[in-house]
Amino acid sequence: GAVVSQHPSRVICKSGTSVKIECRSLDFQATTMFWYRQFPKKSLMLMATSNEGSKATYEQGVEKDKFLINHASLTLSTLTVTSAHPEDSSFYICSARVAVTNTEAFFGQGTRLTVV
Amino acid sequence: AQSVSQHNHHVILSEAASLELGCNYSYGGTVNLFWYVQYPGQHLQLLLKYFSGDPLVKGIKGFEAEFIKSKFSFNLRKPSVQWSDTAEYFCAVNARAAGNKLTFGGGTRVLVKP
């Protein structure tokens, strides 16, 4: 299957700083990428849908100014957690699809963010 | 609200036992259905998918799932589990009615005892 690479896999940052997470589709072009957050022992919660060349669509309750998403090319989307707080500590996962329907989503390996 | 429900949060069984995990969704219209597995410390992997056609879908590692449209269900089955099937299993639905966003169920943690 197609490969989605997420970087970094782990990051520790201080409160108040910003952290950027990259999501790349390595062998296919993804017009749409998705960012999820997974809490311990919980399911994946969709944060936002990232569309190449346009603004991301955020889910209800997700602060767009805190979680900045940029999808500058068909193979790269970035999530920046701004002014991080300890409660932002979580597992962030990106996924990408080739098309909107009748295709599976491919997932990155996730990023464990710890804010101290 | 539209949602994806997995009825079992935790399942413990012995090797060679049969496994069935329930998944129900509440979306109407056209849906794409998936089961993903997450082994300890690893990322999500696709087990199987349903887009159209035969409602009985066979996936990797001996897993299968049956789409029953009238019941809005997509249950996952494996006749004989192995210790290596210990993992968390997620049902996911991509529904046109929900803007084609992939929505996950709450997950089922499966522990297979050797």
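Structure's up top.
Note that the coordinates shown come from a computational prediction; the quantities given were computed from them, not determined experimentally. (Residues numbered from 1 in each chain as written. Chains lettered and ligands numbered in written order. Predicted model: local features only at pLDDT ≥ 70, side-chain atom pairs only at ≥ 80, totals over all residues. Heavy atoms only, no water.)

1. A look at the sheet that holds strand E1 (residues 4–7) of chain A
Sheets are built from strands paired through backbone hydrogen bonds, the pairs being either parallel or antiparallel. Residue and element names in this part refer to chain A. Taken together, the four strands give an open sheet; going across it, the order is E1-E3-E8-E7, and neighbouring strands pair in antiparallel fashion. Strands at the two margins of the open sheet, each flanked by one partner only, are E1 and strand E7 (67–73). Between one strand axis and the next, the sheet turns by 15° as a mean value, whatever way the strands run. Across five bridges, E7 lies against strand E8 (residues 76–81) in antiparallel orientation. Counted as the bridge partner of Ile 69 is Leu 79 from E8. (Pairing = 2+ DSSP bridges. Helix = DSSP H or I, 4+ residues; strand = E, 2+ residues; numbered from the N terminus. Axes fitted to C-alpha atoms, helices over the stretch in contact; angles between N-to-C directions.)

2. A look at the state of the cysteines
According to the stated counting rule, one finds two disulfides over all chains in the structure shown. Linked covalently through their sulfurs, Cys23(A) and Cys94(A) form a disulfide whose S-S length is 2.0 Å. Here Cys23(A) and Cys94(A) share a disulfide; its torsion about the S-S bond, 80°, makes the bridge right-handed. Taken together, the residues span a long stretch of sequence, with Cys23(A) in strand E3 (residues 19–25) and Cys94(A) in strand E9 (residues 90–97) at a distance of 71 residues. Residues Cys23(A) and Cys94(A) agree in their burial class; the two are buried. With its sulfur 1.9 Å from that of its partner, Cys23(B) forms a disulfide with Cys91(B). Between Cys23(B) and Cys91(B), the S-S torsion sits near -65°, and that sign places the bridge as left-handed. Highlighted residues: Cys23(B) in the loop between strand E3 (19–21) and strand E4 (24–25) and Cys91(B) in strand E10 (residues 87–95), separated in sequence by 68 residues. Take Cys23(B) and Cys91(B): they sit in the same class, and that class is buried. Looking at Cys13(A), it has no disulfide partner, and the nearest cysteine sulfur is the one in Cys94(A), 18 Å off. (Disulfide = S-S within 2.5 Å. Buried < 20%, exposed > 50% of the residue type's maximum accessible area, 1.4 Å probe, protein only.)

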